[in-house]
Amino acid sequence: MKRIMAAGIAATAICLSMNANASSMTYVDYSIGTVDYDSSSSSGDYSAFTASIETPILPLISVESIDLNDFDILKLGIGASIDLGSASNIYGLVHYNDYDDEDSDISFRVGINSTISDRLEVRLSHTMYSDQDGRDNTKLSLGYYLTQNFSVSGNYAVADTYNIMSATARLSF
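Presented here is a report on the structure given in the accompanying data block. (Residues numbered from 1 in each chain as written. Predicted model: local features only at pLDDT ≥ 70, side-chain atom pairs only at ≥ 80, totals over all residues. Heavy atoms only, no water.)

With that out of the way, let us pick up the pattern of salt bridges. For the structure shown, the criterion picks out four salt bridges. The salt bridge partner of Arg-170 is Asp-29, with a shortest N-O separation of 3.1 Å. Of the two residues, Arg-170 is situated in strand E10 (residues 162-172) and Asp-29 in strand E1 (residues 27-37); the sequence distance between them amounts to 141 residues. Classification of Arg-170 as buried rests on a relative accessible area of 9%. (Salt bridge = Lys/Arg side-chain N within 4 Å of Asp/Glu carboxyl O. Helix = DSSP H or I, 4+ residues; strand = E, 2+ residues; numbered from the N terminus. Buried < 20%, exposed > 50% of the residue type's maximum accessible area, 1.4 Å probe, protein only.)

Right under this line is the structure:
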């Protein structure tokens, strides 16, 4: 009897983890990693908490809190996403950025998310800042869905003055 229950639980877990959906832009995620600076050959800690919500009034609302080696950025944004088939979407966001010791500015992000197999998703985005050219960056992520709504990913972001390698845990809704 225990073997039948264990097999049933395993089969249920496998069924729930199939068919990852890249088109959902409602999620929360947390990233942790390291930042390497080009100018001083130094490195530091990186972490980010992101919440993205699709709403009927505004197509997409995004909030990000980033700690870039003790330099804090709070990003509040709005945007939209468009499905490309059943397994991909493109999106755009405009963020108001509040820095802990600098003047605020605006950033623009465009990206694409695409499911490349039942459990793998690739994400590519480019962010441009209005007043902080050194922070413009391109980010590539490869995510693996443990279940339909929970994934982990490895990320690499490259900018003019720094590079970030991080890992992310994401819960999609």
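Picking up after the structure, the text goes on.
Attention now goes to the packing of aromatic side chains. Within this structure, the stated rule accounts for one aromatic pair. Note on Phe-71 and Tyr-99: the rings are 5.8 Å apart at their centroids and 25° apart in plane angle, and the pair reads as stacked. Of the two residues, Phe-71 sits in the loop between strand E3 (60-68) and strand E4 (72-84) while Tyr-99 sits in strand E5 (residues 88-99), which places them 28 residues apart along the sequence. As far as the burial class goes, Phe-71 and Tyr-99 line up, both buried. (Phe/Tyr/Trp six-rings, centres within 6.5 Å; stacked < 30°, edge-to-face > 60°.)

Okay, empty space enclosed by the protein next. Applying the stated criterion across every chain yields a total of two cavities of 30 Å³ or more. In this structure, the largest cavity encloses a volume near 560 Å³. In this structure, the largest cavity is lined by 34 residues; those nearest its centre are Tyr-46, Glu-64, Arg-109, Ser-125 and Lys-139. Per-class residue counts for the lining of the largest cavity are 13 nonpolar, 13 polar and eight charged. (1 Å grid on protein atoms, 1.4 Å probe; cavity = no way out; pocket = protein on both sides within 12 Å on 5 of 7 lines; lining within 4 Å. Points joined across faces, edges and corners; volume = space filled by probe spheres on them. Nonpolar A, V, L, I, M, F, W, Y, C, P; charged D, E, K, R; others polar.)

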